[in-house]
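Secondary and tertiary structure notes
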Amino acid sequence: MHLLGPSLLLLECLAVSGSPSWTFDHPNILYAWEGACLWIPCKYTISGNTVPNMDNLTVYHNFVYNNGTKDFNGIILYRKTKTEESLPQKRVKFLGDNRSNCTLLIHPVQAQDNGQLGLRMTSGTAKWMEPIALNISETAPAPHIQLPPEIQEFQEVTVTCLLNFSCPGDEIKLKWSLGELLSPELDSVTSTSLTLQAVYTQSKLTFQAEWHHHGKNLTCQLWNDTAPGLLSQGTVRLDVKHLPQLKIEVSPNRTNVIKGNSVTMTCQITSSNPEYLSMSWVKDGIPWKEQETLQREQKMVTLTLSEVTKEMSGKYHCEARNALGIVQSPDVILLVHYVPEPSKVRISPSPAKEGDTVTLTCLSPASPPPTNYTWYHNNMEVPRSTDVTFRIQRVLLRHAGNYFCEAQNSLGRGTVAQEAQLDVQYSPKEVTTVIQNPSPIREGDTVTLSCNYTSSNPSVTRYEWSPPGSWNDPATGVLMIQKVAWNAEPFRCAACNQWCSWAPAVNLHIQYAPKGVKILPITPHSEIRSGHQVLLRCDFSSSCPSDVRFFWKKNGILLQEGRELSFDSISPEDAGNYNCLVNNSIGQSTSEAWMLQVLYKPRRLRVSISPKDSVMEGQTAVLTCEGDANPPISQYTWFDWNNQDLYHYDQMLRLDPVNVQHSGAYWCQGTNRLGVGQSPPSTLTIYYSPETISKRVALGVGLCLAVLLLAFWGIKFQRNWKRIQSQQEAQENSSGQSFFVRNKKVRRHPLSEGPHSLGCYNPVVEDAVNYAVLNFPVGETDRPRTGDAGTSEAQRPSLSRDNTVTYSVVKKHQVGDYENVTPEAPEAPEDEGIHYSELVHLGLGERPLVQDTVEYVTLKH
């Protein structure tokens, strides 16, 4: 401990002064022996120094700190500076560097090296002493064996042999031995460690523990290939937990004993860990406590059978128990020999059915088993039968009777205990089915059958019938069939005890009316078309009696007699439901209705009009194309009175609404896959409605009124013309002037256009502008007039316009007065007319020669 004082002091000084810190990592203690090499793994770290490198290294052995010199004293094993390397003892090698590795190798190591190494390092002004403990012995230390806490039998065990030594220069080996087993026969794995934490060599041995390993020594030996002899070894004693191990002895040593002799069986425990708790003998799974003796100190139990009997034969074993469980010894089979016992006979099967195989077995226990048997039938020895079994391959009634046997082995012949009786049974014999009815039997009759037989063993207990059905009490042997079917199968019966015997089948020969009547189309084989030749045949499946007659019906009406029905040229009228009738002396049968379908193209087409042939305009007319076809019509085509295709392909042609232009004849075509049919024309008449008639009458009346009005105005215009012409002389000096004439008229409202009105209305009379221009030629009688100033009119310049008269009638349509009417005039009524006239140049003077014309214009707005 005094060596560590300076180090601790130095550490304290460094910590206070803030000097660089040193950190070392290496094993705590290293082991070796005289002559071996010593590997010292080492690592260091310098922190807090400006240059983290080692400058000097000195390796001391058993160093001491000198307080006077403030330095360390001791045996120097190695020294290294920046410039040189000193090896006072050449067996020390520095394998590190000046930065982090400080590993050393000492070879060979000496016993006086035991103690402590000191690694004195400097780095600049920083210094450090690191101690390393060495345990060096004169001889190699013994390896240490590590065992599991507990080892049990049949368990896989892994043990470790550890040696705290490893050096790359020494070739050492660890070898195992377990009893007589050496290392090559054992499964082991060796590994080494040269780390900073530990230096060691170890070997792991894995084996399966057996009970006989208990108490044996397990040894781990250290060898070196370069040095002769064993270096050291470590040994442990194995403690293997196991069940008791048993040893069995039988006296006499033979297990075959004659009845009455004695036998001794001994069971001894040779090994048990932990100690056994109990042990005993067991026979055939049952503990045998009566005749055994337990000797606990000798770990032995003895079973003594003083006078054996045949019941003592069996399997014996010894059982022992400890804390781990129970173990049993191998079986000891004890055979007690004796002469055959009184015999019995076992018959299989019993009772036996006639014709079966019967086996008779002689039951006579013996040890050793009998080697010879003698068989007897009704006290008569059966020749050539010496086996334990006597087999009858096909038993007959003559084999019935009493049987017994005698058995013999090497010890003698046995006796007979009792006889066995062979009972040969059989099914009922000569079974027959008898019909009780008088012949013949008709369909629907009641039939009675009986089942008879001659003999049976055992007695008949029931009857069976085939085919099965709901018969009346068939167990009595009499079968009554109510309303027998025409196709009843042949019947047979069976009389049964344990087995059934069937009688031959009996045919009832039932008479019945024809069955399976049907119609067969012979020709054609495909579809039937109008005009084809058709042949039908009446067929049936069976009839009893077979003498039959055939008849035909169509739609329930009798047609003819005969098996075949023919049509030379079939027509659509021949289509219908046909039945074929077949009768015999028992009755008559009718086939199912056979539908005869005749295919033909459309025919008898006609156009029907709904609701009727004459329809008022504005209503709906539906034209339907009706016809007869098979197969049905697939397409319809419509035509009008001009044979123009209407491009309508439905059966019904709907006109909605109709007008007078729809009037005319219509016809249609029908098409199926066999052809086309055409209907005759049907006429559709469309007449005017009362509204149309009223409108047309009103229009006619309006036109008439317009003509009359024009005629009236023409006459009036002619009169005015003459009047104006006669007044020209009186107006020679007058100038042209314009004037307005208001003419009040009464407005005529149009008549009501109700649904039944026949009046007329002329819209021309309403809302019009009537315009007329009258041109007057110059007359010879025109002379100039003298005005008030005494000037002649002829001296005035003529007007720059034609000598004309303009006349117009303007009628307004529910608006205010025209703008050329003075405001002072009272408001004209709604139907007031305005007449405008302008007379120009009606005085004396020349007039241009123009044609006498009247222009009339009507403007409607």
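Notes on the structure follow.

On to the state of the cysteines. Per the stated rule, a full pass over the model turns up nine disulfides. The residue that forms a disulfide with cysteine 37 is cysteine 167, at a sulfur-sulfur distance of 1.7 Å. Taken as a pair, cysteine 37 in the loop between strand E2 (29-33) and strand E3 (38-40) and cysteine 167 in the loop between strand E14 (156-163) and strand E15 (172-178) lie far apart in primary sequence, 130 residues in all. Comparing cysteine 37 with cysteine 167, the two get one shared label, buried. Disulfide pairing places cysteine 161 opposite cysteine 220 at an S-S distance of 1.8 Å. Given an S-S torsion of about -85 degrees, the disulfide between cysteine 161 and cysteine 220 has left-handed geometry.

Next up on the list: the nonpolar core. Ranked by size, the top nonpolar core spans 56 residues in total, and within it Leu38, Met121 and Trp176 carry the most contacts. The element that contributes the greatest number of residues to this core is strand E11 (residues 126-137), accounting for five residues. Beyond its immediate stretch of four places on either side in the chain, leucine 38 contacts Leu30, Tyr31, Ala32, Leu104, Leu105, Ile106, Val109, Leu134, Ile136 and Cys167.

Moving on to the packing of aromatic side chains. Enumeration according to the criterion identifies 17 aromatic pairs in this entry. Relative to tryptophan 128, the ring of phenylalanine 24 has its centre 6.4 Å away and its plane inclined at 15 degrees; by these criteria the two rings are stacked. With phenylalanine 24 in strand E1 (residues 21-25) and tryptophan 128 in strand E11, the pair connects residues that are 104 residues apart, well separated along the chain. The class for phenylalanine 24 is buried, based on a relative accessible area of 15%. Here the aromatic cluster, defined as three or more aromatic residues joined through ring pairs, consists of Trp22, Phe24, Tyr44 and Trp128.

For the rest of this paragraph, the subject is the sheet that holds strand E55 (residues 564-567). Remark on secondary structure: sheet strands pair via backbone hydrogen bonds, oriented parallel or antiparallel. In spatial order, the strands read E50-E51-E55; together these three strands make up an open sheet with antiparallel pairing. One side of each edge strand has no neighbouring strand; the edge strands of this open sheet are strand E50 (518-523) and E55. Across the sheet, the axes of successive neighbouring strands diverge by a mean angle of 20 degrees, strand direction being ignored. As paired strands, strand E51 (residues 534-539) and E55 are joined by four bridges and run antiparallel to one another. Its bridge partner being in E55, valine 534 is matched across the sheet by phenylalanine 567.

Let's shift gears to the sheet that holds strand E8 (residues 92-94). Taken in spatial order, the three strands make up an open sheet running E3-E9-E8, and their pairing is antiparallel. The strands lining the two open edges of the sheet, one partner per strand, are E3 and E8. In this sheet, adjacent strand axes meet at a mean angle of 15 degrees when their direction is disregarded. Pairing of E3 with strand E9 (residues 104-106), which is carried by three bridges, proceeds in the antiparallel orientation. Paired with tryptophan 39 across the bridge in E9 is leucine 105.

The next subject is helix H2 (residues 690-726). Every α-helix carries 3.6 residues per turn, so stepping three or four residues along brings you back to the same face. With 37 residues, H2 extends 54 Å between its outermost C-alpha atoms, agreeing within 8% with the 54 Å of an ideal straight helix rising 1.5 Å per residue. Residues of H2 that are buried include every one of Thr692, Ser694, Ala698, Gly702, Ala706 and Trp721, and no others.

Glancing now at the pairing of strand E5 (residues 56-66). Sheet topology places E5 next to strand E10 (residues 115-123); six bridges connect them, and they run antiparallel. Of the residues in E10, the one forming a bridge with asparagine 56 is threonine 122. Pairing of E5 with strand E6 (residues 71-80), which is carried by eight bridges, proceeds in the antiparallel orientation. Residue pairing in the sheet places tyrosine 65 in a bridge with phenylalanine 72 of E6.

Rules used in this analysis
Residues numbered from 1 in each chain as written. Predicted model: local features only at pLDDT ≥ 70, side-chain atom pairs only at ≥ 80, totals over all residues. Heavy atoms only, no water. Disulfide = S-S within 2.5 Å. Helix = DSSP H or I, 4+ residues; strand = E, 2+ residues; numbered from the N terminus. Buried < 20%, exposed > 50% of the residue type's maximum accessible area, 1.4 Å probe, protein only. Core = buried A, V, L, I, M, F, W, Y, C linked by side-chain atoms within 4.5 Å. Contact = heavy atoms within 4.5 Å. Phe/Tyr/Trp six-rings, centres within 6.5 Å; stacked < 30°, edge-to-face > 60°. Pairing = 2+ DSSP bridges. Axes fitted to C-alpha atoms, helices over the stretch in contact; angles between N-to-C directions. Expected span 1.5 Å × (residues − 1).

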